[in-house]
Amino acid sequence: VQLVELGGGLEQAGGPLRLSCAASGLTFSSHAMGWFRQAPGKELEFVAAISWSGGSTYYAGSVKGRFTISRDNAKNTVYLQMNSLKPEDTAVYYCAADPKVVTTTSGYWGQGTQVTVSS
């Protein structure tokens, strides 16, 4: 199984960034997908998740209304559209896959992509 995140970078506060995570080696349409992040010196935290069908989405309170998770099962890809970025969104962002519910103990993870938001 391989999850490859793309789209990180440096953005100014208030700006947008879009992350993508391409999956291979698993039946993508049968897995829930999620995004997590880890800031320097902090623990890994949940950001957003989406059900296998895309019919249900979940967000951390800190990003609700600013971030949108979506998926394209035909492309085996999950996205995280991040708007109105804040400096506190600076972190390494990871995507994860799970046949049931994505959590910090899920089995499949990407290598991470750095997002840096300047004030």
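All values reported here derive from a predicted model rather than from experimental measurement. (Residues numbered from 1 in each chain as written. Predicted model: local features only at pLDDT ≥ 70, side-chain atom pairs only at ≥ 80, totals over all residues. Heavy atoms only, no water.)

A look at the overall build of the chain
Threshold: In DSSP terms, a helix is any run of H or I states spanning at least four residues, a strand is any run of E spanning at least two, and both are numbered starting from the N terminus. Put simply, the radius of gyration uses C-alpha atoms, and a globule should come to 2.2 Å times the residue count raised to 0.38. Three labels apply to residues, based on accessible area from a 1.4 Å probe with only protein chains included: buried if under 20% of the type maximum, exposed if over 50%, partly exposed otherwise in between. Contacts: residue pairs with any heavy atoms within 4.5 Å of one another. Each accessible area is a Shrake-Rupley estimate made with a 1.4 Å probe; only the visible protein chains count as cover when residues are assessed. All tallies of charge rest on Lys and Arg as positive and Asp and Glu as negative; His and the ends of each chain are not included. Lysine's charge is taken at NZ, arginine's at CZ, aspartate's at CG and glutamate's at CD.
Along the backbone of the chain there are zero helices and eleven strands. Listing each helix as α and each strand as β along the chain from the N terminus yields β-β-β-β-β-β-β-β-β-β-β. Whereas a compact globule of 119 residues would reach a radius of gyration of roughly 14 Å, the chain reaches 13 Å, a difference of no more than 12%. The principal-axis extents of the C-alpha atoms in the chain amount to approximately 40 × 25 × 25 Å. Here the chain, with 119 residues, has 42% of them falling under the buried criterion. Residue pairs at least 24 apart in sequence account for 55% of intrachain contacts in the chain once pairs closer than 6 positions are excluded. Of the roughly 6000 Å² of accessible surface on the chain, 50% is carried by carbon and sulfur atoms. Across the chain, the centroid of the 9 positively charged side chains sits 6 Å from that of the 8 negatively charged ones.

Digging into the state of the cysteines
Disulfides are covalent bonds that connect the sulfur atoms of two cysteines. The test is simple: Cysteine sulfur atoms that come within 2.5 Å of each other are treated as a disulfide pair.
Counted by the stated rule, this structure contains one disulfide. Paired by a disulfide, C21 and C95 hold their sulfur atoms 1.9 Å apart. A torsion of 40° about the S-S bond marks the disulfide between C21 and C95 as right-handed. Placement of C21 in strand β3 (residues 17–24) and of C95 in strand β9 (residues 91–98) is noted, with a sequence separation of 74 residues between them. Taken as a pair, C21 and C95 share a single burial class, namely buried.

Observations regarding the pattern of salt bridges
Let me state the cut-off plainly: Salt bridge, as applied in this entry: a Lys or Arg side-chain nitrogen positioned within 4 Å of an Asp or Glu carboxyl oxygen.
One pass over the full model with this rule turns up three salt bridges. Residues D89 and R37 are paired through a salt bridge, measuring 2.9 Å at the closest nitrogen-oxygen approach. Taken together, the positions of D89 in the loop between β8 (77–82) and β9 and R37 in strand β4 (residues 32–38) put the pair 52 residues apart, joining distant regions of the chain. Given the relative accessible area of 4%, R37 is considered buried.

Regarding the pairing of β8
Residues in a regular strand point their side chains to alternate faces of the sheet. Just so we agree on the cut-off: When DSSP finds at least two bridges between two strands, those strands are taken to pair.
Of all the six residues making up β8, five are buried; the element is thus mostly covered by neighbouring parts of the structure. Here β3 pairs with β8 via six bridges, running antiparallel. Looking across to β8, one finds that S20 is bridged to Y79. Where strand β7 (residues 67–72) and β8 come together, six bridges link them in antiparallel fashion. Residue pairing in the sheet places I69 in a bridge with L80 of β8. Between β7 and β8, which pair antiparallel one after the other, the connecting turn spans four residues, and N76 there sits at a positive phi close to 55°.

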